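# Descriptive structure summary
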Amino acid sequence: MTVQTSARESYRPPYQVTNSAETIMRFPFPFPEDIYMYSMNVEPHIRSGPVAAMRNTFDIDEHYVAECAEKARILQEDPKRCIVLPHMREAEWDFVELAMTTLSDQYPQHFSLRREGLDWHWVNRLLGYEQSFVFGDAGTLPLPPFEYMARQMQGDFTLHDQREDDLWMDGGMVTAQADWSLKFDLGMSFRQWHAPVPKAAEMGVFDRGLRFLLMLQHEKPVRRLNWTMTINPRLDTSPENFMVWGADRASVTPENVADKVHLRVELQTLYRLPRSNAILFSIRCYLMPVRDIMRVGKWRKRLHRVLRDLDPALSSYKGLDLYRQTVVDFLAPYDDGAPLSNGIQPDAEQPENVLAPAA
Amino acid sequence: MVERSGYPAVIASVDVLTPTLRKFVLVAQGGRFPAVSAGSHVVLGFGDEARRYKNAYSVVSATPDGRELSVIVRRAPQSRGGSVFLHDKAQDGTPITVLSSANLFPVVKKARRHLLLSAGVGITPFLAHARALETAGADYTLHHFCRPEEKPAFEALLASLPPARIFIHDRPPEDVGMKQRMAEENIATHLYFCGPEGFMNWVEQTAAQIGFAAAKVHSEHFFVPEGGQPFTVVLAGSGQTIEVAGDETLLEALENAGVDAPCMCRGGACGACALEVLDGVPEHRDHVLTEQEKTEGRTILTCVSRARTDTLTLNL
Amino acid sequence: MIVSSQLPFAPLVLDASGVRHLYVRDEAACPLPEGCGAATPEVWTVVSDATAMADTGEGEVLLRSATALLERLAGRLARERVGLRLYAAGGASFLARVAIVADAAGLGTGEVQFAPPRDVARRVVCVHCDTLNEGVAADTVRCLGCGTTLFVREHYSRGLGAYMGVGEPEILLQAMEAAARHG
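Presented here is an overview of the structure given in this document.

Rules used throughout
Residues numbered from 1 in each chain as written. Chains lettered and ligands numbered in written order. Predicted model: local features only at pLDDT ≥ 70, side-chain atom pairs only at ≥ 80, totals over all residues. Heavy atoms only, no water. Helix = DSSP H or I, 4+ residues; strand = E, 2+ residues; numbered from the N terminus. Buried < 20%, exposed > 50% of the residue type's maximum accessible area, 1.4 Å probe, protein only. Contact = heavy atoms within 4.5 Å. Areas by Shrake-Rupley, 256 points an atom, 1.4 Å probe, with all protein chains shown as cover. Lys, Arg positive; Asp, Glu negative; His and termini not counted. Charge placed at Lys NZ, Arg CZ, Asp CG, Glu CD. Pairing = 2+ DSSP bridges. Axes fitted to C-alpha atoms, helices over the stretch in contact; angles between N-to-C directions. Parallel < 35°, antiparallel > 145°, perpendicular 65-115°, else oblique. Left-handed = near helix turned anticlockwise from the far one by under 90°. Core = buried A, V, L, I, M, F, W, Y, C linked by side-chain atoms within 4.5 Å. Nonpolar A, V, L, I, M, F, W, Y, C, P; charged D, E, K, R; others polar. Salt bridge = Lys/Arg side-chain N within 4 Å of Asp/Glu carboxyl O. Phe/Tyr/Trp six-rings, centres within 6.5 Å; stacked < 30°, edge-to-face > 60°. Lys NZ or Arg CZ within 6 Å of the ring centre and 35° of its normal. Buried area = accessible area lost by both parts, 1.4 Å probe. Polar contact = N/O pair within 3.5 Å; in protein donor to acceptor, adjacent residues only side chain to side chain.

## Details of the overall build of chain A
The helix and strand inventory of chain A stands at 13 helices and ten strands. Taken along the three principal axes of its C-alpha coordinates, chain A extends 60 × 45 × 40 Å. Each of the 359 residues in chain A was classed as buried or not, and the buried ones make up 63%. A sequence separation of at least 24 residues applies to 72% of the contacts in chain A between residues at least 6 apart. With an accessible surface of roughly 13,400 Å², chain A has 51% of that area assigned to carbon and sulfur atoms. Mean positive and mean negative side-chain charge positions of chain A (40 and 49 charges, respectively) differ by 2 Å.

## Things to note about the overall build of chain B
The number of helices and strands found in chain B is seven helices and 18 strands. Along the first, second and third principal axes, the C-alpha set of chain B runs to 60 × 45 × 35 Å. Counting every position in chain B, which comprises 316 residues, the buried fraction comes to 53%. Within chain B, counting contacts between residues at least 6 apart in sequence, those at least 24 apart form 65% of the total. Within the structure as shown, chain B displays about 13,300 Å² of accessible surface, and the carbon and sulfur contribution to it stands at 49%. Separation of charge centres in chain B, based on 30 positive and 36 negative side chains, amounts to 5 Å.

## Things to note about the pairing of strand S12 (residues 231-235) of chain B
Residues and elements named next belong to chain B. Here S12 lies mainly inside the structure; four of its five residues are buried. Here S12 pairs with strand S13 (residues 241-244) via four bridges, running antiparallel. The partner of Val-233 across the bridge, within S13, is Ile-242. Turn length for the S12-S13 hairpin, with the two strands adjacent in sequence and antiparallel, is five residues, and the turn residue Gly-239 shows positive phi of about 80 degrees. Bridge count between S12 and strand S18 (residues 311-314): four bridges; the pairing is parallel. By the bridge assignment for S18, Val-234 is matched with Thr-313.

## What about the packing of helix H1 (residues 66-79) of chain C against helix H2 (residues 92-104) of chain C?
All names here are of chain C. Contact geometry of H1 with H2 gives a least axis separation of 10 Å together with a crossing angle of 20 degrees. Overall, the two elements H1 and H2 adopt an arrangement that is roughly parallel. In the crossing of H1 with H2, the sense of the turn from one axis to the other is right-handed. Packed against H1, whose contacting residues are Ala-66, Thr-67, Leu-69, Leu-70, Leu-73, Ala-74 and Leu-77, the element H2 presents Phe-94, Arg-97, Val-98, Val-101 and Ala-102 at the interface.

## Some details on the nonpolar core
All names here are of chain A. Grouped together as the largest cluster of nonpolar side chains are 71 residues, with contacts concentrated most on Trp-227, Val-261 and Leu-263. With residues near it in sequence (within four places) discarded, Val-261 still touches Met-229, Thr-230, Ile-231, Val-252, Met-288, Pro-289, Val-290, Tyr-323 and Val-327. Core analysis: the next-biggest nonpolar cluster, separate from the first, contains 38 residues, Val-65, Val-96, Leu-273 and Ala-278 among them.

## A closer look at the packing of helix H11 (residues 297-308) of chain A against helix H13 (residues 324-331) of chain A
Residues and elements named next belong to chain A. Contact geometry of H11 with H13 gives a least axis separation of 9 Å together with a crossing angle of 140 degrees. The angle between H11 and H13 places the two elements in the oblique class. When you trace H11 past H13, the crossing you get is left-handed. Between H11, through Arg-300, Leu-303, His-304, Leu-307 and Arg-308, and H13, the contact on the second element is made entirely by Arg-324, Val-327, Val-328 and Leu-331. Residue composition of the contact of H11 with H13, by class: five nonpolar, one polar and three charged.

## Let's talk about the pattern of salt bridges
The final tally for this structure, using the stated rule, is 52 salt bridges over all chains. The closest approach of N and O atoms between A:Arg89 and A:Glu92, which form a salt bridge, is 2.2 Å. With A:Arg89 and A:Glu92 both in helix H3 (residues 89-106) and three residues apart, this pair spans about one turn of that helix. As a salt-bridge pair, B:Asp247 and B:Arg51 come within 3.2 Å of each other at their nearest N and O atoms. With a gap of 196 residues between them, B:Asp247 in the loop between S13 and helix H6 (250-256) and B:Arg51 in the loop between strand S3 (40-47) and strand S4 (52-62) connect regions that are remote in the sequence.

## Digging into the sheet that holds strand S7 (residues 113-119) of chain B
Within a sheet, each strand pairs with its neighbour through backbone hydrogen bonds, oriented either parallel or antiparallel. All names here are of chain B. Taken together, the five strands give an open sheet; going across it, the order is S9-S8-S7-S10-S11, and neighbouring strands pair in parallel fashion. A strand with exactly one partner marks an edge of an open sheet, and here the two such strands are strand S9 (166-169) and strand S11 (217-219). Taken pair by pair, the neighbouring strands of this sheet meet at an average axis angle of 15 degrees, ignoring direction. Strand direction decides the pairing type here: strand S10 (residues 189-194) and S11, joined by three bridges, are parallel. Bridge pairing in S11 links Leu-191 to Val-217. Across the sheet, helix H2 (residues 124-136) touches S7, strand S8 (139-145) and S10, and the angle it forms with S7 is around 155 degrees. Helix-sheet contacts for helix H5 (residues 197-209) involve S7, S8, S10 and S11, and the interaxial angle to S10 is about 160 degrees.

## Examining the packing of aromatic side chains
Taken as a whole and judged by the stated rule, the model has 27 aromatic pairs over all chains. Three or more aromatic residues joined by ring pairs make a cluster, and in this case those are A:Phe27, A:Phe29, A:Phe31, A:Tyr36, A:Trp227 and A:Trp299. Sitting over the ring of C:Trp44, C:Arg72 keeps its end group 5.5 Å from the ring centre. Sitting over the ring of C:Tyr163, C:Arg122 keeps its end group 4.3 Å from the ring centre.

## Here's the deal with the interface of chain A and chain B
With 19 residues of chain A at the interface, the matching set in chain B holds 22 residues. For the pair chain A and chain B, the two sides together bury roughly 2,000 Å², of which 57% comes from carbon and sulfur. At the junction of chain A and chain B, the tally comes to zero salt bridges. Scanning the region where chain A abuts chain B turns up three residue pairs in polar contact (both at pLDDT 80 or more). Counting residues per element, the ones that place at least two in the side of chain A that touches chain B are H3 and strand S6 (156-163) of chain A. Of all the elements, H3(A) adds the most residues to the side of chain A that touches chain B, at three residues. Its residues assigned to classes, the side of chain A that touches chain B comprises four nonpolar, six polar and nine charged.

Dropping the structure here:
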């Protein structure tokens, strides 16, 4: 994956984010079938998968530098986007170890790590960081360990303590979230922070999911995809800033729908951390405009079918009500109703050009 | 990330603690062990040409650089032979593999104070916990109960911890005022205990009498799976038939036949290995299933449980 | 299974697994826990009276305000031994504050019971500016901090002792109204 080494892109007005053909083809399109219903849909997070975005422990793509810059800006504006409770100190170091070892192993051109006992030396060539430190000694890093590392990664991260047969959200860095708040949900149990999700509770999906996660084993991470939609390529769709971005939902027209409306996909991966026995929840966000999704035949047809037949309660919960029909109307002429293969993998090697490029 | 084959190691030293307890220090070969949290067990793979074992033991210590970890093994003559092998045949240089680790007995990190009670070999998880709590600067007290002749061995094991936090008793808990000490604990205290069945029962009943809330009482019912009558297991999915010998567990038989069966604790404590029973009657030996589930007999924990019938058909 | 982030409200029942019992309430009208008699709880009551003296020596402790009661409770729980069961009854805001004091003292599941709140005046925290708005009985409240009209979400943080309040941009409200008319 080619990574841009400077941040030319902007995730806030004036928006400026473009996806290369490679980025489009590696997108983790979230619908394996024409019908969507909430489920835990968990599978082992192994280093293979139907699209390239799923084939690394932590995915780095062409937007890395720009996303890290946006994250830094949000943290500057709102320090409560990163909170870690004191009893999660060991989990912070677990996170540093997992991130540094996997990134340097899987992207040696961008990151390197030298370990001599507890003396570690970390190099991040993309952001131009170089740091010697003593593993386990927070005083040898310029920031608290979790914050230091999470700032150097795309996506959001939460740390969960396991006790009383439940998982408690006792830390995290959350700057690219789909309408939930870390400062509000901090300290909540698995059931408590899922409380706003409709229907899933009555389906028992959370009980099964929790039972599964409580037994998650070290070195056997799991993953699932979740999705919603976002107007404009905006990473920070937080409740904190809802008064800033919420009105965008009323801005979709038949003319701008292809460029304004983005499918927002979270590649969620979960890891048992060995020192702390905590669980790391990584939420890697991908934003893909309808215009780019149109370039994969299977995806544009399937997106049409899923949105057309979506459960109204889910549509409402995800905040799609004001523009869902506009998207469906736009996509309908491009769906011939032909059967589509199961699974999320694209049906072509290269993206096609269906629409004229954006003006 | 490593593959299922685990982390190769050798035994670097064997300490005879008591006639039945030995401490084994393992050194990683060509790499590092994964970090382990206090209270974790590791599943060790070892043996000779005649017999391979996969047994779970509490980790009593691990070096922060991942080079070494230690376990204490009690010689259990009734078991399927793993502990006997380690006591009688393992020595410096014996190869051994760390297959996996998991923590089924963590402390509650948020708790303001921890009271640890152990007896006999039940000390093993607390050796790791006491050191971790000490390092974290946490408030804790450990009471250990043992036979008089074993006391010097446990004193030596615990010598590096502050004497004000460690109490070793060679009389039973009821004879040293343990109930009164427990009752004087602050309401924020969490209680942890591990040891032989009689000790576990005493602590559990005493804690209930003085009003410890169930959510603050934590125990590890660790036991070594025992053998029994041989039986036959049929896998409904593949039609495969596997013989389970009297001195091996159902899980071991599945693994030896190349079946990728789920598992974690290998001691009937976690439930990860549960499989659906389609035919036959299980003989339940675990601490996980409810009485109702045991009566229904539709689920079996393969790591410890066996069969009452000659044949058991599993949905696998 | 009930999925909710609310406090686990349920009618108070004396818990026989406890060896000492303390009942706190923000007014005398709140009934004693069911089953009192087998054991008698210590009772602390807010009387909203500046002449009340806390130590009457007659079993029931009278406190001048909820704040006075909660301060006294924090001090008591810091010294309390294992075996206590705490029971709380009163308004939603009082119960939220009791939970914060009990959690801070290290009480856990099974050691505290909360009666269903006897009013709906909730605490609402503004997610935009962090201001805590007390006594919110309606579904919306104008935030004391940033002036936003907050819609109260059914999402409760035990740590903050408050429900989440989120504003809705005016354009969005109008668009949703229009959609509802046409839909």
